[in-house]
Number of protein chains: 2
Amino acid sequence: MIRHSSFAVDPWAIRESSFCLDLLARSESVFSLANGHIGMRGNLDEGSPSALPGTYLSGFYDYHPLPNAEPAYGYPSTGQAIVNVPDAKLIRLLVDGEPFDLRTGTLQNHSRILDMRNGTLVRRLTWTSPGGSTVKLRSSRMVSLTQRSVAAIRYEVSIPRKARSDDHEVQSRDDAIRLVVQSELVADEQVPQRSTDDPRAATPQEARLVLESSYIEGFRMEMICRTASSALRVVSSVDHLLRHSRRTSGPSAASNAYRAEASIEEGRGHCTVTTALHPGESFVLTKLIAYDSSSDLSDLAVRDAVAAALASARDSGWDGLVGEQQAFLANFWARADVEVGGDPEIQQAVRFALFHVLQAAARAERNPIPAKGLTGTGYEGHVFWDMETFVLRVLTYLYPRAAADAIHWRHSTLPSARRQARELHLAGAAFPWRTINGEPSSGYWPASTAAMHINADIADALTRYVDATGDLELEQAAGVEILVETARLWSSLGYFDAGGSFHIDGVTGPDEYSALVDDNIFTNLMARQNLLSAAQAARRHPSEAERLAVTSEEVSAWEVKAHSIYVPYDDILAIHAQDRSFTSHEHWDFEATDASEYPLLLHRPYMELYRKQVVKQADLVLAMFLQGGALYEGLTPEDSISQKERDFAYYEALTVRDSSLSACIQAIVAAEVGQMDLAYDYVREAALLDLDDLECNTSDGLHIASLAGTWLSLVAGLGGMRASDGQISFSPRLPTGIASLAFRVTYQGRLVIVSITPDNASYSLLGDEPLTITHHGTGFKLSAGSTITMAIPHMAAGPRPSQPAGREPEAARLPGKGRSGGRATGTDVTQRKNKDTDKDKRTA
Amino acid sequence: MIRHSSFAVDPWAIRESSFCLDLLARSESVFSLANGHIGMRGNLDEGSPSALPGTYLSGFYDYHPLPNAEPAYGYPSTGQAIVNVPDAKLIRLLVDGEPFDLRTGTLQNHSRILDMRNGTLVRRLTWTSPGGSTVKLRSSRMVSLTQRSVAAIRYEVSIPRKARSDDHEVQSRDDAIRLVVQSELVADEQVPQRSTDDPRAATPQEARLVLESSYIEGFRMEMICRTASSALRVVSSVDHLLRHSRRTSGPSAASNAYRAEASIEEGRGHCTVTTALHPGESFVLTKLIAYDSSSDLSDLAVRDAVAAALASARDSGWDGLVGEQQAFLANFWARADVEVGGDPEIQQAVRFALFHVLQAAARAERNPIPAKGLTGTGYEGHVFWDMETFVLRVLTYLYPRAAADAIHWRHSTLPSARRQARELHLAGAAFPWRTINGEPSSGYWPASTAAMHINADIADALTRYVDATGDLELEQAAGVEILVETARLWSSLGYFDAGGSFHIDGVTGPDEYSALVDDNIFTNLMARQNLLSAAQAARRHPSEAERLAVTSEEVSAWEVKAHSIYVPYDDILAIHAQDRSFTSHEHWDFEATDASEYPLLLHRPYMELYRKQVVKQADLVLAMFLQGGALYEGLTPEDSISQKERDFAYYEALTVRDSSLSACIQAIVAAEVGQMDLAYDYVREAALLDLDDLECNTSDGLHIASLAGTWLSLVAGLGGMRASDGQISFSPRLPTGIASLAFRVTYQGRLVIVSITPDNASYSLLGDEPLTITHHGTGFKLSAGSTITMAIPHMAAGPRPSQPAGREPEAARLPGKGRSGGRATGTDVTQRKNKDTDKDKRTA
């Protein structure tokens, strides 16, 4: 099923069947390969044309000054930004003396396939040079999920049977085509400096790597660079395996078929192969690549590590590396796959989402997982609350080892977080809104420092991970300390009023179109859970608690504060209030807001956004998902559902989704209140965000949290999965657009497979022990190896809640899109470029 | 009465009797001379040592980039900053080949006197060079209040009878001392770049003037420069009159007595005089200076204007200029003087205050009056709401011509203000929080753009001016448009709630330790008045209203909104609330706040300041002064006074006065509620702020608004003056520290002289028409030329309200200061340098 779209719909691959220069920036992001440690954008082998050349290492950044027109107490003076490391992807080709470039000559065909089972990006093309020489190129690229420091490229040029146009044949007696293959390693790659007022794009980086030294030995090249300010070192190394097809009589014949030499100087290394191919012949260059970095400039052991990684890769060879990659992914999909019946686009999109979430996290190993993964420089490579709230929420159930790594990374930043709390005159630890190395890197405090909920989000991810995995070792090693220090933060941030309610004032919740509000409901409920989790963990780990000087009085105080937390409610509207003042504010005039004015943050002043009722992204609705238990505690089931319906409908009418973190959450809550078609529309919007570039900024990198949200919208949304305190429950229900849905989650060491049809849900369990599962409120014990099928109860939903004028879900908004329509084309994208509805300012 | 202080107490002068290098920066500000057009800091003639060399022209600025770590919609990208124009003050002296420098040789004596009746700064000194040659120097400096573009210096060197130390006499046969006097005009003066995190100091300026051309003719030098970015041109010119005392036989003898030559190159002009003086002889150099600027680079008429100004100054000569100056000031003091009995410090301080307010404004003529006048680079030379709320409130009653000029200047910036309103998606005009040319120049929007009250402050100053002067011509030419456009702003900014109350959300009031609040009470009441004034003015000037497309429906809508304005009140505390949430917030823990942590803005994050009850400066208390009528409308006199007492006491306990705009207002309201001793303490704090450098930043320039506040604290405070709607009233009452107080105000063309003793107040009237005056609520008609004496009723005040721990008024806080103590000495200042309690962040 191929449609008029840049990417064909395919269950296991992303296919691009023609080359479109307009879409290059987007495809570079979509075709990124990464393993959580190394990330390579899907740049063309030959380096140009390119939109944003990019190779990144997790946690590898440089400092830059953070200027402030008006300095004030506590503003960070330096920020961190991800750095483009030496580019090892480059392989240039000269065909009969003419450089291969897609913009010249004739491109007979060009396709790229991101294969999500092989973990490779394969490019195939046939090109005729301006002089009339035709070559076929097949390049395959991979970033190894099994060998953390390794990437590899297999670059094969071959000559078709009829490789010369007629007039050439006249001029040339020899039918061989002369080729030069130049494989490069380039340290000071020119990256376009984009001048932009969009705060979500990266700050223009003037930072360049400083070349320390470079080495060459045979076809192996090594380059050692360090950052200018942050004192990090990166070692990049490449080696080359060369093979000519004319290998008829041993190695000497082959080596006569080409000449190769390597050189390196001033940050540019070249391995240059000169050869000639007759029709039917081919030449293969296999490039093995290794990267590693170190924060200890006095230690050159990292050189040895890179050399060893390269040796290991050489030992595996291309086929070995691909074989490992396939096995790794087969194992992953066996525990993580989602099968969607009836909607091939969603089927493809959810695998694409999981594949990139895995790529962002798999081998990060105590480095942060940035908002854009390692797919671009958007948000300067910073990590935000997305990691804990969206990405770890997926990894915890599908690939918990990576979740544990990320938690350990957060834990390692506690010293910075403690310093920040001191700076704010608060107790405990205050984690930064955006960072790479744990230090704050924000230029606008009302949407960063004030967004204190990130601390509870971190605590929540930890609690959820421990609940899902039973990993008490991690809880003891990292968890207690995180929980205690964040509980201390909340304890010192809030205060009791005369009536004994505990308030948290002057903070910013997830909705960044309100700021510095009192009693943000999401923040309060998350803080409540944080305080309670800390109390429980301190009791569970008394020696850790003692080491942290936690007293039983302190624990009791946390519990009192948690149970006294204020939950704002508007009695007149009979809805929960996003904060103490929110529902008293003027309503935004959506009718008077033109479609071109979205995202509002680029067209309206904060002063207008903050003082009116307009919601950038799920905030109270996110609390409904994450804190539904606390929010609706004590209500009868009937009262609870009608309260939820009122709450959801009120905020639906105000939420413009100028953040990519919103649609998936709205999908989940829409499903919870039985609005299945609305849920489906939001699932589609979340799922197609990057594939269809709905916000026109996929070029800066993929929206990793929204990709994670795609899975959440299906599993927590349509599947209705909730898990906490050792209990896992599902309330599955399908929209008309989806015929069947099957997914797997690992909970407490057991793999649960859930298969949903419109009428029934089947639950299967792999593992040794039985597990109690709740289906639509009914608990049952599922034995290992068995399957139980339960009927899905009917739910009469109320009227479909409405959205602000013009801000209906993407599927409902654009006729011809969504269920029945095609994907955005190049032309569409160009026309919609100024719309630029991005995820999230989080101008920290 | 001379005390251990840098400045002696003197009723009509500021005297410094010795030179203290530590206090140089402060004395440069205190000894500034200005006429509202030209400002010259009190730099030493010889240029060094200096703290901040400065010569400024009103409205003369350059642009500089305003960097933002995170750009956002509507942030200004360029700011404006006052520029140091070519320095014409410099006169260097060589004595027998050695440069005169206070830091070398022996300073026998050194005094400076700022004479507030002559309008001159006179410096006298006797100095013995390291080589043993003694000279006497007397320099007098003036910036003409009558000839707007003119300043002048009379520089006299003389030789005392015994001018040589003994060993010199051995070496030298001639007893003449060789002198070189170098008078300079310097375009690219080195100004120290101070790196500071204090947002209140100027942004370091990298801008330099660009020299266009320079000319010389005889001893007249002219320099034409322009700014690098803002396309403003300044023409500076100096001329020299030279006179040797050995003028016994006609001009030729005198010209033989010295040689003079002038040269100019590369932005430095010199007039160099070589002479020799015998004991008893003297040499006088009179330097005439003229400056003007133009914003039209194609127009060189400004050169002619400067040449003409210099010709006129030459015609007047030094004595003529001084004579005009004296006459101008005699006339000013006749209408403006305040006599304080029993407190010579306050007597001196209030004249110092009025003198500098006059200097900041007298000849500004449609240029802004900056927060620091023309006395320094603090706040980058920007004008804030201070101008209207504090400075014009004084000028209106003492020197209304300057108030009219300032209003015309604001009116001239309406095009920028309209653009800003459009940018904010509001109607009408939104004046900038800080500016020089009318464009916003703020780097932190929550304390600038959001401080919308400035618009009502501007409207209030206009309404007050028209009320006091009856100047309907100005109202028609400028006033209606300002009122209508600001009323439109409020009308679009606010909204009606379901109950019909009109709210203004998300703004920042005068108290900058709260921000983005809903229904700031000061803002709401000022907006109310603004709407009502606009309605009245539109009715009074129907043709103007028609030109502005004001309909009667629009006027009615303004009135409905004004009458529906919400006034927050806390029923439980029975006090007015500073805003809708203020009284619900946590109280600041003053006991846990060390004295070294003030001003809080330099030691605590906004996030902490904003969410707690702590008040930087009078806000609700300012509303009590400016909007007392509306605030307490409808209450019985008894209820009104007890409500005022409760309101005042509540906010007294929270107000830290980290702004210099607070003490004077607290003095006024303290007096209104009968707290006379507290009022007196605040009067003293306001009065001595710059003379005693209480906030340790007088070096950046004088606090012009606080100086204006000194007068307000006496006249509106102790005198209890209020005036509006054609009514003027007084409620005089003296604290024990002041034996008598007399002041004068001009109201509706009549000069009212009020003389207060502890028991009585006498009212005299100069003018043609009688005037009805209210004394403590009793109205009486005062005839021209007559005096009526009224008894002052006794008022039983409640207990003295308390202030935050350690934040009592300066007089009460520091034993040995205030009433019974001396002024700060050089040593004190050094010790207190880090305290730095400044007026106002207004980080616009």
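Everything that follows concerns the structure shown earlier in this document.
Residues numbered from 1 in each chain as written. Chains lettered and ligands numbered in written order. Predicted model: local features only at pLDDT ≥ 70, side-chain atom pairs only at ≥ 80, totals over all residues. Heavy atoms only, no water.

Enquirer: Before we go on, may I ask you to explain the overall build of chain A in this structure?
Expert: Looking only at helices and strands, one finds 22 helices and 34 strands in chain A. The C-alpha atoms of chain A give a radius of gyration of 27 Å, which matches the 28 Å a tight globule of 844 residues would have. Structurally, chain A occupies a C-alpha span of about 95 × 60 × 60 Å along its principal axes. Buried residues in chain A amount to 66% of all 844 residues. Long-range pairs, those at least 24 residues apart, make up 70% of the contacts in chain A with a sequence separation of at least 6. For chain A, the exposed area adds up to about 27300 Å²; of that, 49% sits on carbon and sulfur atoms. With 80 positive and 106 negative side-chain charges, chain A shows a separation of 5 Å between the mean positions of the two kinds. (Helix = DSSP H or I, 4+ residues; strand = E, 2+ residues; numbered from the N terminus. Rg over C-alpha atoms; globule rule 2.2 N^0.38 Å. Buried < 20%, exposed > 50% of the residue type's maximum accessible area, 1.4 Å probe, protein only. Contact = heavy atoms within 4.5 Å. Areas by Shrake-Rupley, 256 points an atom, 1.4 Å probe, with all protein chains shown as cover. Lys, Arg positive; Asp, Glu negative; His and termini not counted. Charge placed at Lys NZ, Arg CZ, Asp CG, Glu CD.)

Enquirer: Where do I start with the relation of the copies chain A and chain B in this structure?
Expert: Mapping between the two copies of the chain is achieved by a rotation about an axis and a shift along the axis. Rotating chain A by 180 degrees and translating it 0.0 Å along the rotation axis places it on chain B, where the RMSD comes to 0.0 Å. Such a turn and shift between the copies fits a two-fold axis. Both copies share a contact surface, since 100% of the interface residues of chain A are interface residues in chain B too. (Least-squares fit on C-alpha atoms with pLDDT ≥ 70 in both.)

Enquirer: So what exactly am I meant to see when it comes to the sheet that holds strand S3 (residues 38-40) of chain B here?
Expert: For sheets, the rule is that strands pair by backbone hydrogen bonds, running either parallel or antiparallel. All names here are of chain B. Here we have three strands laid out as an open sheet, ordered S2-S3-S4, and antiparallel in their pairing. In the strand order of this sheet, the two ends are held by strand S2 (33-34) and strand S4 (55-57), each with one partner. In this structure, S3 lies alongside S4, joined through three bridges in antiparallel fashion. The partner of isoleucine 38 across the bridge, within S4, is leucine 57. (Pairing = 2+ DSSP bridges.)

Enquirer: When you look at the state of the cysteines in this model, what are you seeing that I'm missing?
Expert: Here, the word disulfide means a covalent bond between the sulfur atoms of two cysteines. Residues and elements named next belong to chain A. Inspection of the entire model under this criterion finds zero disulfides over all chains. Considering cysteine sulfurs only, cysteine 225 is the nearest to cysteine 271, which forms no disulfide, with 19 Å between them. Cysteine 20 supplies the cysteine sulfur nearest to cysteine 696, a cysteine that is in no disulfide, at a spacing of 14 Å. For cysteine 696, a relative accessible area of 10% corresponds to the buried category. (Disulfide = S-S within 2.5 Å.)

Enquirer: So what exactly am I meant to see when it comes to helix H9 (residues 453-469) of chain B here?
Expert: An α-helical segment advances 3.6 residues per turn. Residues three or four places apart therefore align on the same side. Residues and elements named next belong to chain B. Between its terminal C-alpha atoms H9 stretches 24 Å, which fits the 24 Å expected from 17 residues at 1.5 Å a residue. Taking burial as the measure, the 17 residues of H9 include 15 buried ones, the bulk of the element. Just past H9, the residue glycine 470 takes up positive phi, approximately 70 degrees. (Expected span 1.5 Å × (residues − 1).)

Enquirer: I would appreciate a short explanation of the sheet that holds strand S17 (residues 258-265) of chain B in the present structure.
Expert: With antiparallel pairing, the five strands of this open sheet are ordered in space as S8-S7-S13-S18-S17 (chain B). Of all strands in the sheet, those with a lone pairing partner are strand S8 (98-99) and S17 of chain B, marking the two edges.

Enquirer: Can you help me understand the environment of phenylalanine 384 of chain A in this one?
Expert: All names here are of chain A. Among the structural elements, phenylalanine 384 can be located in the loop between helix H5 (344-361) and helix H6 (386-398). Since its relative accessible area comes to 0%, phenylalanine 384 is described here as buried. When the C-alpha atoms of phenylalanine 384 and serine 29 are compared, they prove to be 20 Å apart, with 355 residues separating the residues in sequence.

Enquirer: What's the story with the packing of aromatic side chains in this structure? I'm lost.
Expert: One pair of aromatic rings is described through two measures. These are the centre distance and the angle between the planes. All names here are of chain A. One pass over the full model with this rule turns up 46 aromatic pairs over all chains. Ring centres 6.2 Å apart and planes at 25 degrees place the aromatic pair tryptophan 385 and tryptophan 433 in the stacked group. With tryptophan 385 in the loop between H5 and H6 and tryptophan 433 in the loop between helix H8 (414-423) and helix H9 (453-469), this pair connects stretches of sequence that are 48 residues apart. Both residues of the pair, tryptophan 385 and tryptophan 433, count as buried. Here the aromatic cluster, defined as three or more aromatic residues joined through ring pairs, consists of Tyr379, Phe384, Trp385, Phe390, Trp433 and Phe522. (Phe/Tyr/Trp six-rings, centres within 6.5 Å; stacked < 30°, edge-to-face > 60°.)

Enquirer: What is the right way to look at the interface of chain A and chain B in this model?
Expert: Where interface size is quoted, it is often the accessible area lost as the parts come together. Counting from both sides, the interface comprises 51 residues of chain A and, opposite them, 51 residues of chain B. In total, chain A and chain B occlude about 4000 Å² of area from one another, counting both sides; carbon and sulfur atoms represent 59% of this. Run the count over chain A and chain B and you get two salt bridges. Here arginine 434 of chain B ties to glutamate 70 of chain A by a salt bridge, and the two come within 3.3 Å at their closest N and O atoms. (Buried area = accessible area lost by both parts, 1.4 Å probe. Salt bridge = Lys/Arg side-chain N within 4 Å of Asp/Glu carboxyl O.)

Enquirer: Which parts of the structure should I look at to understand empty space enclosed by the protein?
Expert: One simple way to see leftover space: roll a probe sized like a water molecule over the atoms. One pass over the full model with this rule turns up 19 cavities of 30 Å³ or more. Taken as a whole, the largest cavity spans an internal volume of roughly 400 Å³. Looking at the largest cavity, it is lined by 36 residues, and the ones nearest its centre are Tyr75, Gly443, Tyr444, Trp445 and Thr449 of chain B. Elements supplying a minimum of two residues to the lining of the largest cavity: helix H14 (606-611) of chain A together with helix H8 (414-423) and H9 of chain B. A per-class count over the lining of the largest cavity returns 23 nonpolar, 10 polar and three charged. (1 Å grid on protein atoms, 1.4 Å probe; cavity = no way out; pocket = protein on both sides within 12 Å on 5 of 7 lines; lining within 4 Å. Points joined across faces, edges and corners; volume = space filled by probe spheres on them. Nonpolar A, V, L, I, M, F, W, Y, C, P; charged D, E, K, R; others polar.)

Enquirer: Would you mind going over the pattern of salt bridges with me for this structure?
Expert: Side chains that differ in sign of charge can pair as their charged atoms come close. Residue and element names in this part refer to chain B. What the rule picks out here adds up to 103 salt bridges over all chains. One salt bridge connects arginine 314 with aspartate 239, and the closest N-O pair in it is separated by 2.3 Å. Of the two residues, arginine 314 sits in helix H4 (residues 301-336) while aspartate 239 sits in strand S16 (residues 233-244), which places them 75 residues apart along the sequence. Owing to a relative accessible area of 34%, arginine 314 belongs among the partly exposed residues under this scheme.

Enquirer: What is the right way to look at the packing of H4 of chain B against helix H5 (residues 344-361) of chain B in this model?
Expert: In a pair of packed helices, the angle between the axes and the distance between the axes together describe the arrangement. All names here are of chain B. Look at H4 against H5: their axes get within 12 Å of each other, and the N-to-C directions meet at 120 degrees. Classified by the angle between their axes, H4 and H5 sit oblique to one another. Remark: the crossing between H4 and H5 carries right-handed chirality. Only Arg351, Leu354, Phe355 and Leu358 of H5 make contact with H4, whose side of the interface consists of Phe328, Leu329, Phe332, Trp333 and Ala336. By residue class, the composition of the contact of H4 with H5 is eight nonpolar, no polar and one charged. (Axes fitted to C-alpha atoms, helices over the stretch in contact; angles between N-to-C directions. Parallel < 35°, antiparallel > 145°, perpendicular 65-115°, else oblique. Left-handed = near helix turned anticlockwise from the far one by under 90°.)

Enquirer: How should the pairing of strand S19 (residues 282-294) of chain A be read in this particular structure?
Expert: Regular strands show a simple pattern: their side chains alternate between the two faces of the sheet. All names here are of chain A. Burial within S19 is extensive, with 12 of its 13 residues counted as buried. In this sheet, S19 lies alongside strand S16 (residues 233-244) in antiparallel orientation, the contact comprising 12 bridges. Considered in S19, the bridge of histidine 244 is made with phenylalanine 283.

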